[in-house]
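Structural description and commentary
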Amino acid sequence: MRILLVASAFNSLAQRVHAELRDRGHVVSVELATPDASARDASLRRAVHAYAPDLVLAPMLRTAIPRDVWTTHTCLVVHPGPPGDRGPSSLDRAVQEGVDRWGVTVLQAEQEMDAGDIWASATFPVPPVGKSDLYRNEFSDAASRAVHLAVERFASGTYVPRPQAGGDEELPIRTRPYLRQEERRIDWESDPTETVLRKLRAADSWPGVRDEMLGGEWFLYGGHPEHTLRGVPGELIAVRAGAVCRATTDGAVWISELRPRRRPGGPATFKRPAATALAGTLPTLPERAVPYEDGDRRGWSDIAYREVGKAGFLSFSFPGGAMSTEQCRRLHDAYRFACRRPTSVLVLGGGRDFFSNGIHLKVIEAAAHPGEESWANINAMDDLVEAVLTTTDRLVISAVGGNAAAGGVMLALAADEVWCRSGAVLNPHYRLMGLYGSEYWTYTLPRRLGDAVAERLTDKALPVSAETAVRIGLADRMIDCDAQSFAGEVGRLAARLAASPAADMRIAAKKSERDRDEARKPLAEYRRQELAEMRQTFFDPESSYHALRRAFVLKEPPSGCPAHLAPAAAGSAAGAPSLRETGVTALAAHDDAPAPSACYEEQ
């Protein structure tokens, strides 16, 4: 079928649905819904007329579809709540209220929001994680199942969707309003740690929890429990890995990121690591570092190491998947530590959310000299990737449980094998941010795929499902499991590989292959050529990268659909992207929890 995806942003769910529908043989185009209502509706009408879709599908849409579109075309909308649930903050409320299970519904667009006939639905567990993590994993898995079932039912031509009212079995309807800051507010003098964590997690990614701290107004993000530290409720008591620890009535929580509240008439603000955002006002606090090997036992840490037999596991989890200069260096140090351990297999990653999205554009944007910080960040990434590429005394496995993009994909490809969870989406390209790219991609990508496929992937800049990644050789194994089970499945497979007699033979063969590749063309030469391109971009004030980066960081919407997603671009190579073509698309790979348009009132 010809399917038109309509989305407020080409976020993780839109990318997953786009990739999976293409895997199933459908012809898919995308129309982005811009904030301006008249321009948005006119653009959608033109897209529907030009593309003539069999079905219009909205995986993440904050605005209404025009009446003349949904009355002439079947338009299916994904709602992040169970049948009968209505309102713009369904997932937020589910997390804040601490429900054990929640649902997703694919319903037909009509005049009243969320009130249309039901084509499919699915349920999913709600573990104690942030909303954006939940959205990219359990919710995304359930939404994928429901979307494909709804598409199959539509294609059959015989399925009759279930009405929400007036049918044989009328649904209980619950319409709830947008979850405003008054309900999200943390009372540090009375809220216990569990309540504080639920409020922080429910606002994760967007809009954050508004609060006062050290004389300023901030939006708080993150939410990790601290097991041993205590203090006066509401006070900051420690720092760790860029996060700050704040005492509660019965414990403490780690807050990883902060965003200053936007002043009336002032510029838009964006998230940064909490300790960095508070620089200049943060009092001297103890740095509570956690040794890598004690990460699981001594509370929250963004990097941890453990061993099972002859298999080592170096896990890491950075907010939004972005890796700053400092984070890259700390992970590099941890990697060198792991390589000193007596193991034959080392697993890199294995967490349930993002693997990596490459350099940290928000830290770069906040820097006094963004070009210099970009240069420092890419070199730190390259140092890490080089360490993985030159590890020849053991097998290295990249365990990609969540999404990965740009340099994060290339970090994964530096390993001997790439194992992906079935719900992961990969974006192995840089061009939407106006970059040539580094992280030794000119070595690793053609080595795996050949020059022609590597060029096509980086040029078309489309998301790749885990299934397709394995089929084309971008990944070696797809692990079909839920997000909570991924680490356990990876552990079982890695331990079996480490105990296999074949492991030693593979390690010896790996060293010989690395020596042959180095003789043909040294890794240093790949790095020199890539960084020559990157340096020119970073230090040219007129390069598109600077404008694209700012658009990404400030969440500036595009004026229309990106050219590489439009039907006209499906069979031709697109040129260099403009700022307006790529702002939301680039953004979507990092920050993509659903947010209603009303949230912009709270900036």
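Scroll up to find the structure.
Criteria and cut-off values
- Residues numbered from 1 in each chain as written.
- Predicted model: local features only at pLDDT ≥ 70, side-chain atom pairs only at ≥ 80, totals over all residues.
- Heavy atoms only, no water.
- Helix = DSSP H or I, 4+ residues; strand = E, 2+ residues; numbered from the N terminus.
- Buried < 20%, exposed > 50% of the residue type's maximum accessible area, 1.4 Å probe, protein only.
- Contact = heavy atoms within 4.5 Å.
- Areas by Shrake-Rupley, 256 points an atom, 1.4 Å probe, with all protein chains shown as cover.
- Pairing = 2+ DSSP bridges.
- Axes fitted to C-alpha atoms, helices over the stretch in contact; angles between N-to-C directions.
- Parallel < 35°, antiparallel > 145°, perpendicular 65-115°, else oblique.
- Left-handed = near helix turned anticlockwise from the far one by under 90°.
- Nonpolar A, V, L, I, M, F, W, Y, C, P; charged D, E, K, R; others polar.
- Expected span 1.5 Å × (residues − 1).
- Disulfide = S-S within 2.5 Å.
- Phe/Tyr/Trp six-rings, centres within 6.5 Å; stacked < 30°, edge-to-face > 60°.
- Salt bridge = Lys/Arg side-chain N within 4 Å of Asp/Glu carboxyl O.
- 1 Å grid on protein atoms, 1.4 Å probe; cavity = no way out; pocket = protein on both sides within 12 Å on 5 of 7 lines; lining within 4 Å.
- Points joined across faces, edges and corners; volume = space filled by probe spheres on them.

1. Looking at the overall build of the chain
When helices and strands are tallied, the chain shows 20 helices and 25 strands. By principal-axis analysis of the C-alpha atoms, the chain measures approximately 70 × 60 × 50 Å. Buried positions account for 59% of the 603 residues belonging to the chain. Pairs at least 24 residues apart make up 70% of the contacts formed inside the chain by residues separated by at least 6 positions. Accessible surface computed for the chain: about 23,700 Å², of which carbon and sulfur atoms make up 50%.

2. Some thoughts on the sheet that holds strand β6 (residues 101-108)
As summarised here, the arrangement of the six strands in space is β2-β1-β3-β4-β6-β7, forming an open sheet in which the pairing is mixed. Since the sheet does not close on itself, it has two edges, and those belong to β2 (27-32) and β7 (118-125), each with one partner. Each neighbouring strand pair of the sheet contributes to a mean axis angle of 20°, computed without reference to strand direction. In terms of strand pairing, strand β1 (residues 2-7) meets β2 through six bridges, oriented parallel. From the neighbouring strand, Leu 5 faces β2, where its bridge partner is Val 30. Strand contacts of helix α1 (residues 12-23): β1, β2, β3 (55-60) and β4 (75-79), with the helix running at about 175° to β1, the strand carrying the most contacts.

3. Overview of the packing of helix α9 (residues 325-339) against helix α11 (residues 370-389)
Following both chains from N to C, one finds α9 and α11 inclined at 20°, their axes separated by 8 Å at the closest point. Considered as vectors, α9 and α11 are oriented roughly parallel to each other. In this structure, α9 meets α11 at a crossing whose hand is left-handed. Seen from α9, the contacting residues are Thr 325, Cys 328, Arg 329, Leu 331, His 332 and Tyr 335; seen from α11, they are Glu 373, Ala 376, Asn 377, Ala 380, Met 381, Asp 383, Leu 384, Ala 387 and Val 388. Here the residues of the contact of α9 with α11 sort into nine nonpolar, three polar and three charged.

4. Describing α9
A rise of 1.5 Å per residue sets the reference length of α9, with its 15 residues, at 21 Å; its end C-alpha atoms lie 21 Å apart and thus fit the reference within 8%. Most of α9 sits out of view: 11 of its 15 residues are buried. For α9, every residue scored as buried is listed here: Thr 325, Gln 327, Cys 328, Arg 330, Leu 331, His 332, Ala 334, Tyr 335, Phe 337, Ala 338 and Cys 339.

5. Brief notes about the state of the cysteines
Enumeration over the complete set of coordinates arrives at zero disulfides. No disulfide involves Cys 339; its sulfur sits 16 Å from the nearest other cysteine sulfur, which is in Cys 328.

6. Notes on unusual backbone geometry
A cis geometry characterises the amide bond from Trp 206 onward to Pro 207, with omega recorded as 5°. Its location among the elements puts Pro 207 in the loop between α7 (193-202) and β9 (209-213). Phi is positive for Leu 214, which is not a glycine, with a value near 50°. Looking at the element boundaries, Leu 214 is found in the loop between β9 and β10 (216-221).

7. A closer look at the environment of Pro 66
In this structure, Pro 66 sits in the loop between β3 and α3 (67-70). It is 9.1 Å that separates the C-alpha atoms of Pro 66 and Ala 42, two residues lying 24 residues apart in sequence. Those residues in contact with Pro 66 that sit more than four places away from it in its chain are Asp 41, Leu 44 and Arg 45.

8. Comments concerning the packing of aromatic side chains
Both the distance between ring centres and the angle between the ring planes are used here to describe each pair of aromatic rings. All chains considered together, the criterion is met by 13 aromatic pairs. When the centroid spacing of 5.4 Å and the interplanar angle of 65° are considered together, the rings of Phe 316 and Phe 355 count as edge-to-face. Taken as a pair, Phe 316 in strand β18 (residues 311-316) and Phe 355 in the loop between β19 (345-349) and α10 (361-366) lie far apart in primary sequence, 39 residues in all. Comparing Phe 316 with Phe 355 shows no difference in burial state: the two are buried.

9. Regarding the pattern of salt bridges
Counted under the stated rule, the structure contains 36 salt bridges. Linking Arg 528 and Glu 525 is a salt bridge whose minimum nitrogen-to-oxygen distance equals 2.7 Å. Here Arg 528 and its partner Glu 525 are both found in helix α18 (residues 523-538), three residues apart, which amounts to about one turn of the helix. Shared partners join several salt bridges into a network, and the residues in it are Arg 16, Glu 20, Asp 141 and Arg 421.

10. Here we look at the sheet that holds strand β25 (residues 477-479)
With mixed pairing, the six strands of this open sheet are ordered in space as β17-β18-β19-β20-β22-β25. The open sheet has two edge strands with one neighbour each: β17 (303-308) and β25. Here the strands of the sheet are splayed against their neighbours by 20° on average, with no regard to which way each runs. Both β19 and strand β20 (residues 395-400) contribute to a ladder of five bridges, which runs parallel. Bridge pairing in β20 links Leu 348 to Ser 398. Each of β17, β18, β19 and β20 is contacted by α9, which is oriented at about 15° to β17, the strand it contacts most.

11. Observations concerning the side chain of Ser 438
Among the structural elements, Ser 438 can be located in the loop between β23 (425-427) and α13 (441-449). Setting aside chain neighbours within four positions, we find Ser 438 in contact with Ile 378, Asp 382, Met 410, Tyr 430, Glu 530, Leu 531 and Met 534.

12. A word on empty space enclosed by the protein
Enumeration according to the criterion identifies six cavities of 30 Å³ or more in this entry. Taken as a whole, the second largest cavity encloses approximately 100 Å³ of empty space. As for the second largest cavity, its lining consists of 13 residues, and the residues nearest its centre are Trp 206, Arg 259, Thr 269, Phe 270 and Lys 555. Each residue belonging to the lining of the second largest cavity can be placed in one class, and the counts come to six nonpolar, three polar and four charged.

13. Description of the side chain of Gln 96
Tracing the chain through its elements places Gln 96 in helix α4 (residues 90-96). If near-sequence neighbours (up to four positions away) are discounted, Gln 96 is found in contact with Leu 179, Glu 183, Arg 184, Arg 198, Lys 199 and Ala 202.

14. Examining the pairing of strand β12 (residues 236-240)
Along β12, five of the five residues are buried, which leaves the element largely enclosed by surrounding structure. In terms of strand pairing, β12 meets strand β13 (residues 243-247) through four bridges, oriented antiparallel. Looking at β13, one finds that Ala 238 is bridged to Cys 245.

15. Describing the pairing of β4
In terms of burial, β4 is a largely internal element, five of the five residues being buried. Alternating residues of β4 divide into Cys 75, Val 77 and His 79 and Leu 76 and Val 78, and every residue in both groups is buried. Alignment of β3 against β4, held across three bridges, turns out to be parallel. Its bridge partner lying in β4, Leu 57 is registered against Leu 76. Pairing of β4 with β6 involves four bridges; the strand directions are antiparallel. By the bridge assignment for β6, Val 77 is matched with Leu 107.

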